[in-house]
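Coordinate inspection notes
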Amino acid sequence: MANDPDIVPTTKPTCAARDAATGRPCHGVPSIPCPKCLLVAYCGHECRERHWAKHKDFCSVYIVPKPQKTDSDMDDEPINISPWSCSAATDVLNLEKNEGRHFDDYLSLLFTGEAGLRHLIYSVDKLPETASPTLCVCINETTHFNLTRTFLALHLLFSHDHDPVLNAEAVIHMWYSARMPKALHNYVNSVARKHVIHTLDDISCYYGGDKLAESQSCRSHTSQENLSMDVELRRAEWMAIKKRLEESKVGFAESVAIRYLDTTRNTEPPQRLFARMTRARSTGLRKWHDDGLLLPYGHPRDGFDTLNSLFFMARSTYPIGATAEPLSEWPMEVLDYDYAAPNDVYGKMFFYLRDLLVRFQRRVAKIPVKLQLTCEPGGNLPEWLPSLRFRREFDRIEVGPFWDQHPFLTLVLFSRLLRHEDENPFATMLALTRDTVTHGMRCMQGDLESEKLDMCRPTDTVLDEYAPPVDSEDDPMKGNVVRRRIGLVLWRNWDKFASRFLSSPAHFGFESLMDPETTVEHRSIIQTGFLGLAVREKQIITRRWPNRLVHSKKDKPSLRDFNRWLSWPAMLPERWLEWKLCGESPEDEWRKWMKIAVSKPRLAVELALQDIVSGQKSDDETEDGFERDMGAVSLKDGGAPDYDPEATIDATVSVLERDLKGDEDDLIKDERKEDEPNKVEPKGVEMVQKGTGKKKSKKSKNKKK
Ligand SMILES: [Zn+2]
Ligand SMILES: [Zn+2]
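Cut-off values and rules
Residues numbered from 1 in each chain as written. Chains lettered and ligands numbered in written order. Predicted model: local features only at pLDDT ≥ 70, side-chain atom pairs only at ≥ 80, totals over all residues. Heavy atoms only, no water. Donors = N, O, S within 2.8 Å, 3.2 Å for Na, K, Ca; no water. Tetrahedral: all angles 85-135°; square planar, octahedral: opposite > 155°, others 65-115°. Helix = DSSP H or I, 4+ residues; strand = E, 2+ residues; numbered from the N terminus. Buried < 20%, exposed > 50% of the residue type's maximum accessible area, 1.4 Å probe, protein only. Phe/Tyr/Trp six-rings, centres within 6.5 Å; stacked < 30°, edge-to-face > 60°. Pairing = 2+ DSSP bridges. Right-handed = clockwise from strand over helix to strand, strands pointing away. Contact = heavy atoms within 4.5 Å. Polar contact = N/O pair within 3.5 Å; in protein donor to acceptor, adjacent residues only side chain to side chain.

An unreviewed UniProt entry lists the chain under the name MYND-type domain-containing protein, with Tolypocladium ophioglossoides as the source organism.

**What about the coordination of the zinc ion (ligand 1)?**
Bound to the zinc ion (ligand 1) are the protein donor atoms Cys 15 (SG), Cys 26 (SG), Cys 43 (SG) and Cys 47 (SG), situated 2.2 to 2.4 Å from the metal. One can describe the donor arrangement at the zinc ion (ligand 1) as tetrahedral, given that its 4 donor atoms subtend angles of 105 to 115° at the metal. Spacing between the donor residues of the zinc ion (ligand 1) along the chain follows C-x10-C-x16-C-x3-C. Taken together, the residues span a long stretch of sequence, with Cys 26 in the segment before strand 1 (32-33) and Cys 43 in the loop between strand 2 (41-42) and helix 1 (45-59) at a distance of 17 residues. Of the residues examined, Cys 43 reaches a relative accessible area of 32% and is grouped as partly exposed.

**Examining the packing of aromatic side chains**
Applying the stated criterion to the full structure yields 24 aromatic pairs. Ring centres of Phe 145 and Phe 311 lie 5.7 Å apart, and the angle between their planes is 55°; on these two criteria the pair is classed as tilted. Pair noted here: Phe 145 is in helix 3 (residues 144-157) and Phe 311 is in the loop between strand 8 (306-307) and helix 10 (345-364), with a separation of 166 residues, a long-range link. Per residue, the accessibility class of Phe 145 equals that of Phe 311, and both read buried. Summarising the aromatic geometry, the rings of Trp 175 and Tyr 176 are spaced 6.4 Å apart at their centres and angled 55° between planes, so their arrangement reads as tilted. For the pair formed by Trp 175 and Tyr 176, the shared burial category is buried. Through a chain of ring-to-ring contacts, three or more aromatic side chains come together here, namely Trp 403, Phe 408, Phe 501, Phe 508, Phe 510, Phe 530, Trp 579 and Trp 593.

**Let's talk about the pairing of strand 3 (residues 106-111)**
Buried residues dominate strand 3, accounting for 5 of its 6 residues. Of the pairings in the sheet, the one linking strand 3 to strand 4 (residues 134-141) comprises 6 bridges and is parallel in character. Bridging across to strand 4, Tyr 106 finds its partner in Thr 134. With respect to chirality, the unit in which strand 3 leads through helix 2 (residues 116-125) into the neighbouring parallel strand 4 is right-handed. Alignment of strand 3 against strand 10 (residues 396-398), held across 3 bridges, turns out to be parallel. For Leu 109, the partnering residue across the bridge sits in strand 10 and is Arg 396.

**Re the environment of Glu 578**
Here Glu 578 is to be found in strand 13 (residues 575-581). Excluding anything up to four places from it in sequence, Glu 578 contacts Thr 428, Met 429, Leu 430, Ala 534, Val 535, Arg 536, Gln 539, Ile 540, Ile 541 and Thr 542. Polar contacts involving the side chain of Glu 578 include one to the main-chain amide nitrogen of Ile 540, which spans 2.9 Å.

Now the structure itself:
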């Protein structure tokens, strides 16, 4: 029966040893972990003793990677180019505390970032048993890889006629593992394939194949009992999914080489990586680097013989950084999963996820869900007009990575989509930001200098015990130096850093962009609100700091928690901002802001603000530096999006003209304003225009002033 290619055995916690005579995995129920590493577990002492000869090489050997010369600063975000997101799945509803445990009405949710499906799964799992909402969920993906993954996962998780455990394992391996059993691979493809083929066939029949522009969008609709799913994609995106469902064209040996190269080139330098980890943790990571299977450490790999075509579609399509650890996609509570081998982080993640996905399927089968899946690449943000696409209001919007990419544009784009608090007092736009503690503003230089000195002197905190002061001559990549530096960031005053940053008009004084000359006092929109939106003082859905371990100098986290935090892939401070819509913003005002927002990449906004704010009589607060920020922006965003502001405005305006139902007269008035010499033109715009060769017209207009 085990040889039947159509039957996929489900994964069980299993004894790590093999039968002495046959070499087959023992498959006993594991009860005793290896006492040295706690990374594998056995069904009994006999198996443990027999397996020792094999296991000892991995159990007790701690290979310290060779030092590499590098200038990387511990404060800098490790360059995170990876398909794995740093944002952990979060309950975006917190229904029990907000709409209430007996809530049974409609809830509209919009997810626009890389975490959409994970947030949905996690939020549904946290729904109180007594609640029976109808969920209207829009998920937008930004890359073809993520789109395919979400598309497949949705079809698997809503395929109610199959075993939920099988579906859950299929989702886990499809999402994370480099290889899977052939039968499982076939199963994943069979669930989704027919929808793709049918849609592409329909498109061909309807439009006659290639006559249809690649950019034309086509919708596929499926419905069953409680679910209706609309997938609205361009033809090119349907084709991209189809390609990823075909059999991999990569050989097995080649796949190993691809992963090896990715590990050495695109992930965090090993020396620094292993410095953050305990021995067992780094042994587990090595195995992940080697085989890329999200499985318990001691679980046999037999039968995982088919390459996952999501990763290995072709030689060149392996997603950069996919050999990095995917753990940070889920909350750190993964580590609390009760498992026979307590140090097996990957085993814990596998079973934690499988349980979660099974619970999700059971719950979601009982509540009505309307799903809409779309794909707008992040780089298209300025051209993307979600307010036109969705035409309704949402009770929750999670803007994903857009906030850090371009906070100004994000606010303008999504402000029209949030439900007003008069209608739902809990309606919230959620933005997760990673800049608030590591911004390096000039006003914080004193604190940063003193932190540097703290590397070598006691700080009178428990950190001195867990990562004692180091010698100033030490190699910055040495384990104890790495631990001390990361530890000091943990003991930094996150609230102070964040409040200086968020209240800085030089970063968030967007209101001043409209009319810098007449603005009396430049203020951050985080304090003043913007377009009817205001930041919630007291957060009602998320924890302000979802990954904070140390809240004051006197805090004494346990060494175990400190080590966990240190070895977690996403360890930079994160902060949630919750926005509510409590004011009004007239249509014409919004459209003016829209024009300004789409005309400037984030960097241009920052330069313009710097110019405006420093024009005002300078005091300590307004002098905050931009030098470092500019570097950070170009690093993180892969450079500001390369688009022509003028063309974008034109395109946007023309779409607005076409789609907004506003009457013709208004539009004509607007266009006239555009031609007036006194047109609203924030200072600093010239600096951006230089690069695009469009300086002349702007300059002359300004001179007329
Ligand atoms: Zn055994
Ligand atoms: Zn061991």
